[in-house]
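A structural walkthrough
Residues per chain are reported as follows:
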Amino acid sequence: MVPPIPTDLTTAQVLPKNFLRPCLLLLLREQPAHGYDLLERLRPLGFSRDDPGRLYRALRTLESDGLVRSVWEKSSTGPDRRMYEITRSGMEELHGAAKALMATDEVLGVFLSRYSEFVALEPRKRSRARTD
Amino acid sequence: MDELEVLRVRDEVLQAMYWMHSEGISEQPTAVELSRFLAVPDTVLIAYLDRFVEDGLLERSGDARYVLSPGGLESGKRTFADEMADLTRPTHGECDADCWCHDSPEAAAECLHDRVGSSHSH
């Protein structure tokens, strides 16, 4: 029996697999950041603040892979925190991931364009489908 | 309980708890919250947490919560930095964060090609 297609998917559930990794590299390319700051800045990219452990584990993996490094930042009001920054290798991985996402974006444009031939899309999505 | 495994889990737990504490995410997590954070079963983790309480690295708080002792706080902070120190040190020839090769995928590929040919000089 074919399982029903879920219709209540959240944004995070439909994001590309491992999307968190390039997103973190992008945010750290924009500026070095603390964990909590990253948690906040991930929201517009489709991630919830409800799973800080996922962010922690991703940062640890990126750091052990040499794509991110962290240094202590002294605080006069609270505990010292780790400040994360992207490494040279991280920049190279970010470029590679961006290329792959651009290819994915082209495929999505084709999908939305064909979908919009028989279903009315919201204006923003419709204009994107036309330009793709 | 395998003592080597105890040491490994101890570092994982203390580092995670220090990070949660320093980022203001949680001062006193429960075993379930910690297990979600570390993506390990809470039934496995709780025996280790009890061991770390016995060792004086954690203290029990209300509602089955755990908090870092002063010694645990110091240990978590120290091992956090030590573990990654050798992995993230810049390597010979590594350029700086503002290098032109960070501008585009093409520039990065060109830079990588040059470095493989040992002529990376920017």
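We now turn to the structure provided with this report. (Residues numbered from 1 in each chain as written. Chains lettered and ligands numbered in written order. Predicted model: local features only at pLDDT ≥ 70, side-chain atom pairs only at ≥ 80, totals over all residues.)

A tally of helices and strands in chain A yields six helices and two strands. The helix and strand sequence of chain A, counted from the amino end, reads α-α-α-α-β-β-α-α. Counting over 132 residues, chain A shows a buried share of 25%. Sequence separation of 24 or more characterises 42% of the internal contacts of chain A that already satisfy a separation of 6 or more. (Helix = DSSP H or I, 4+ residues; strand = E, 2+ residues; numbered from the N terminus. Buried ≥ 20, exposed ≤ 12 C-beta atoms within 10 Å, placed from the backbone. Contact = placed C-beta atoms within 7 Å.)

A few words now on the environment of Gly24(B). Residues and elements named next belong to chain B. Within the secondary structure, Gly24 is located in the loop between helix H1 (3-22) and helix H2 (31-38). With 13 C-beta atoms packed within 10 Å, Gly24 lands in the partly exposed category. Measuring from C-alpha to C-alpha, the distance between Gly24 and Val53 comes to 22 Å, with 29 residues separating the pair along the chain.

Contact with chain B, which involves 23 residues of that partner, is made by 24 residues of chain A. Here the side of chain B that touches chain A is composed, by residue class, of 14 nonpolar, five polar and four charged. (Nonpolar A, V, L, I, M, F, W, Y, C, P; charged D, E, K, R; others polar.)

Compared with an ideal rise of 1.5 Å per residue, which puts 28 residues at 40 Å, helix H5 (residues 88-115) of chain A spans 40 Å between its outermost C-alpha atoms and is within 8% of the ideal. What H5(A) keeps buried is the set Arg88(A), Gly90(A), Met91(A), Glu93(A), Leu94(A) and His95(A). (Expected span 1.5 Å × (residues − 1).)

Below, the discussion takes up the packing of helix H2 (residues 20-30) of chain A against H5(A). All names here are of chain A. Contact geometry of H2 with H5 gives a least axis separation of 9 Å together with a crossing angle of 120°. By the angle class used here, H2 and H5 are oblique. When you trace H2 past H5, the crossing you get is left-handed. Seen from H2, the contacting residues are Pro22, Leu25, Leu26 and Arg29; seen from H5, they are Gly90, Met91, Glu93, Leu94 and Ala97. Grouping the constituent residues of the contact of H2 with H5 by class yields six nonpolar, one polar and two charged. (Axes fitted to C-alpha atoms, helices over the stretch in contact; angles between N-to-C directions. Parallel < 35°, antiparallel > 145°, perpendicular 65-115°, else oblique. Left-handed = near helix turned anticlockwise from the far one by under 90°.)

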